[in-house]
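The chain contents come next:
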Amino acid sequence: MSISSVNTAPTRRGRGRPKAGADGARVPVPELLLSAAIEQFATHGYDAVGVRQIASHVGVDAAMIVHHFGSKLLLWQAAIDHLSLQMLAALESQPVDATIGSNVGERLDQAVGQIVDMLCDTPALSAFILREVVLENDRSDYSYERLVKPIHDRLRPLIVGYAGPQGGVDADYLFVALTGAVVSTVAARRLFDRMSGEPQDDREFRNLLKNTVSAQLAVRVGRISGFA
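Residues numbered from 1 in each chain as written. Predicted model: local features only at pLDDT ≥ 70, side-chain atom pairs only at ≥ 80, totals over all residues. Heavy atoms only, no water.

> Can you explain the overall build of the protein chain? Please cite residues and give values.
On a plain count of helices and strands, the protein chain comes out with 10 helices and 2 strands. Here the contacts in the protein chain between residues at least 6 apart in sequence split such that 64% fall between residues at least 24 apart. As displayed, the protein chain has an accessible area near 12,300 Å², and 53% of this comes from carbon and sulfur atoms. (Helix = DSSP H or I, 4+ residues; strand = E, 2+ residues; numbered from the N terminus. Contact = heavy atoms within 4.5 Å. Areas by Shrake-Rupley, 256 points an atom, 1.4 Å probe, with all protein chains shown as cover.)

This is the structure:
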C-alpha cells in the first residue's frame, strides 16, 4: 500500500485498533504510524517531532510506537528504509537506456530526468535529504547510505563519462551541485506557487527543472560556447 494514500489527519486517540482504509479494510497500526512519521519528520524535522505527536495523527496511544518499533529513533530509521525501498524500486524500474549509443550526455539527461520524476513523485524524499543529509547531524551517515548513495552510484559514472574529455571537472562536486539543486527545488515547490500566485502545473514544473539541470550541466563542463 502506498504510504501517500494513508490519511494521517489527527483523530481521537485509541489504544491501537487499526483504522479503516478507503476500501473499508483495516490498515495495520504500524503502517499508519510509519505514514504519519514520514509526514511529520519531513515537515518538521526529527528533533521537533515527538512520539505523542506522531501517535495523535493515527489516533493511538504513543506506547504503540514503542510496541511496534522500539523507539522514536528506530521509527525514524524505518521511515528512511521505507523511502529508500521506494527510491530503489523507482530507479530499478527505469533503467538508463544503454542503446542510446556513445552519447553519454543523452543518457545522463535521461537519468537526471528519472531522478527529477522520482523526487517529484515522493516529495518527502527531498525533505528528508535536506534535513538529514545536507544539514549534517548524527543521523546523516544512515541517511546518506540509504537515500543519497544509490543516486550517486547511478549518476556518477555518467557524469565522469560526460565531463571526462574536458578535464578539470570533479564528478563528485558536480553531483552534489546538480542533485542539491534538484532536491532543494522540489522541496521548495510551494515557493514557486506563491511567486506565480497559483499552483504550478506539475508537468511544466518537472520539464522546467529537467531542462534547467541539463543546461547547468552543459555549462559546468564547458559544453556551451562562451561558458567554458
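> Can you tell me about the layout of surface pockets, naming the residues and giving the values?
Here the second largest pocket is characterised by a volume of approximately 250 Å³. As for the second largest pocket, its lining consists of 13 residues, and the residues nearest its centre are Val-133, Val-148, Phe-175, Val-176 and Thr-179. Looking at the lining of the second largest pocket, the elements that each hand over two or more residues are helix 6 (123-134), helix 7 (140-163) and helix 8 (171-187). (1 Å grid on protein atoms, 1.4 Å probe; cavity = no way out; pocket = protein on both sides within 12 Å on 5 of 7 lines; lining within 4 Å. Points joined across faces, edges and corners; volume = space filled by probe spheres on them.)

> Outline the packing of helix 5 (residues 104-121) against helix 8, listing residues and values.
Put simply, helix 5 and helix 8 touch, their axes get as near as 10 Å, and they point 30° apart. Classed by the angle they form, the pair helix 5 and helix 8 counts as roughly parallel. Where helix 5 crosses over helix 8, the two elements pack in a sense that is right-handed. Contact residues: helix 5 offers Val-116, Leu-119 and Cys-120, while helix 8 offers Val-182, Val-183 and Val-186. (Axes fitted to C-alpha atoms, helices over the stretch in contact; angles between N-to-C directions. Parallel < 35°, antiparallel > 145°, perpendicular 65-115°, else oblique. Left-handed = near helix turned anticlockwise from the far one by under 90°.)

> Lay out the side chain of His-57 in plain terms, naming residues and giving numbers.
Note on placement: His-57 falls in helix 2 (residues 51-58). Among the residues examined, His-57 registers a relative accessible area of 15% and is labelled buried. Side-chain polar atoms of His-57 contact the side chain of Gln-40, separated by 3.3 Å. (Buried < 20%, exposed > 50% of the residue type's maximum accessible area, 1.4 Å probe, protein only. Polar contact = N/O pair within 3.5 Å; in protein donor to acceptor, adjacent residues only side chain to side chain.)

> Give me the lowdown on empty space enclosed by the protein, citing residues and values where you can.
Taken as a whole, this structure holds 1 cavity of 30 Å³ or more when the rule is applied. Taken as a whole, the largest cavity spans an internal volume of roughly 110 Å³. Every residue lining the largest cavity is counted, 15 residues in all, and those nearest its centre are Val-112, Leu-155, Leu-178, Thr-179 and Val-182. Those elements giving two or more residues to the lining of the largest cavity turn out to be helix 5, helix 7, helix 8 and helix 10 (202-220).

> Give me the lowdown on the packing of aromatic side chains, citing residues and values where you can.
Going through the model one piece at a time under the given rule, you end up with 4 aromatic pairs. With a centroid separation of 5.6 Å and 25° between ring planes, the pair formed by Phe-41 and Tyr-46 is classed as stacked. For Phe-41, a relative accessible area of 2% corresponds to the buried category. Residue Tyr-46 is classed as buried on the basis of its relative accessible area, which comes to 14%. Here Phe-192 and Phe-205 contribute two aromatic rings whose centre-to-centre distance is 5.8 Å and whose plane-to-plane angle is 70°, an arrangement assigned as edge-to-face. Here the residue Phe-192 occupies a position in helix 9 (residues 189-196), and Phe-205 occupies one in helix 10, the gap between them amounting to 13 residues. Lying over the aromatic face of Tyr-46, Lys-72 brings its terminal NZ or CZ to 4.2 Å of the ring centre. Over the aromatic face of Trp-76 sits the side chain of Arg-139, whose NZ or CZ is 5.5 Å from the ring centroid. (Phe/Tyr/Trp six-rings, centres within 6.5 Å; stacked < 30°, edge-to-face > 60°. Lys NZ or Arg CZ within 6 Å of the ring centre and 35° of its normal.)

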